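What the coordinates show
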Amino acid sequence: LKAKLDFNESPVDVPDDLKDRILARLKDRRWGYYPAFGAGELRQALANRTGRSAEEIVPGNGSGELIGAAINILARPGTTLILPTPAFSLYFQLAAIAGLKTATVPLSAPDFEIDEEAFLSLCKEKAPAIPLLCSPNNPTGGTVTRTFVKKLAEACPVILVDQAYVEFSRPEDDLLPLLDEIPGLVVFRTFSKAFSAAGFRIGYALARQPLMDELRKAVLPFNVDIAAESFAAELLADPTFSEESVNAVRQERERFASALRARGALVAPSQGNFLFFSLPGTYPDDLRRHCQKSGVRVRNLATADLPYLRVTVGRREDNDLFLTLMEEFR
Ligand code: PMP
């Protein structure tokens, strides 16, 4: 395997000195004891980072766990989850586990922007409905505006927004400033992307306290283990590593997108650490297999009417290798 560009993982690993500090912190703990009940220290560190209070934060075993818990506890029987598509596949699995119906609003090429009116009217039509948005959206890369989320709040008492990739987006894409205005807004974040920590399982949900008191009932105690706790504590104490790697990815994303376009690809504007693209006149799975043969993995997300693939923004040399393979393929 030469370049793993299929899971939206970070192209850089945590540096050795930071790993040493995390391991030292972990070594100091009593491994026979449970993690801190209620994860107070971790919640306080996340509160300091986000400018919210510790009562408004629930950490989890990855953000996926928390999205599932929120769906399980906040959806009354008969609720429909409303999703823009293409969407992250986990949402459909979580809806199925919770026994909920889903209804979808397609995002359209070439920009994959959300049709706000269509989405809003589907929410009203399917009431009781809970919108589940992803901003930036995996796999298309677009974001929703604060104005739209506010409009949605007038129709829906609960709104779930997955912001797993928010660190790669613009300041105005951050939805936390809406928490004070929208009591039903739940935002999900993760250490898996911007913090290069998908191998540790750690994410968090943010909402006003009454909702978070509900969410806490739906997660098991000690869902964040002491390894993840140690990791988060060190990274939050010194966020330089994460900030630098996010800046590098953002810059490289623009170069990579231009290079793809220069080679004839249609590339959706992305605020994430990935690009959603199609190469007209070719079959997506042929390109995927051509790359796979040379040790480069990308994701084929094509449907009958949408011949698109997703490629993670990797290191410059990884992306260049992919570009070379794509040229060969054409
Ligand atoms: N949300 C989105 C949109 C994702 O793409 C992913 C991971 N691919 C997740 C959530 C899950 O992240 P975590 O590792 O925090 O469970």
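Up top you'll find the structure we're talking about.
Residues numbered from 1 in each chain as written. Predicted model: local features only at pLDDT ≥ 70, side-chain atom pairs only at ≥ 80, totals over all residues. Heavy atoms only, no water.

1. Considering the site of the ligand
As a matter of local geometry, the ligand sits amid 14 residues, with Ser-63, Asp-162, Tyr-165, Thr-190 and Ser-192 nearest to it. For the ligand, an oxygen atom lies 2.5 Å from a polar atom in the side chain of Thr-190. In this structure, a nitrogen atom belonging to the ligand sits 3.1 Å away from a side-chain N or O atom of Lys-193. Contact with the protein chains removes 89% of the 400 Å² of surface that the ligand exposes when unbound. Assessed atom by atom at 2 Å from the grid points, the ligand resides in the largest pocket. Of the residues that constitute the shell around the ligand, the class distribution is five nonpolar, six polar and three charged. (Near = heavy atom within 4 Å. Polar contact = N/O pair within 3.5 Å; in protein donor to acceptor, adjacent residues only side chain to side chain. Areas by Shrake-Rupley, 256 points an atom, 1.4 Å probe, with all protein chains shown as cover. 1 Å grid on protein atoms, 1.4 Å probe; cavity = no way out; pocket = protein on both sides within 12 Å on 5 of 7 lines; lining within 4 Å. Sits in = over half its atoms within 2 Å of the grid points. Nonpolar A, V, L, I, M, F, W, Y, C, P; charged D, E, K, R; others polar.)

2. A short note on the sheet that holds strand S13 (residues 309-312)
Ordered in space as S9-S10-S13-S12, the four strands form an open sheet in which the pairing is antiparallel. Each having just a single partner strand, strand S9 (266-267) and strand S12 (299-300) make up the two edges of the open sheet. (Pairing = 2+ DSSP bridges. Helix = DSSP H or I, 4+ residues; strand = E, 2+ residues; numbered from the N terminus.)

3. Concerning the pairing of strand S7 (residues 185-190)
Burial within S7 is extensive, with six of its six residues counted as buried. Burial along S7 is two-sided: the face carrying Leu-185, Val-187 and Arg-189 and the face carrying Val-186, Phe-188 and Thr-190 are both buried. (Buried < 20%, exposed > 50% of the residue type's maximum accessible area, 1.4 Å probe, protein only.)

4. Observations regarding the side chain of Arg-189
For Arg-189, the location among the structural elements is in strand S7. Polar contacts involving the side chain of Arg-189 include one to the side chain of Gln-163, which spans 2.7 Å. If near-sequence neighbours (up to four positions away) are discounted, Arg-189 is found in contact with Ser-63, Gln-163, Val-166, Asp-174, Leu-175, Leu-176, Gly-203, Tyr-204 and Leu-206. (Contact = heavy atoms within 4.5 Å.)

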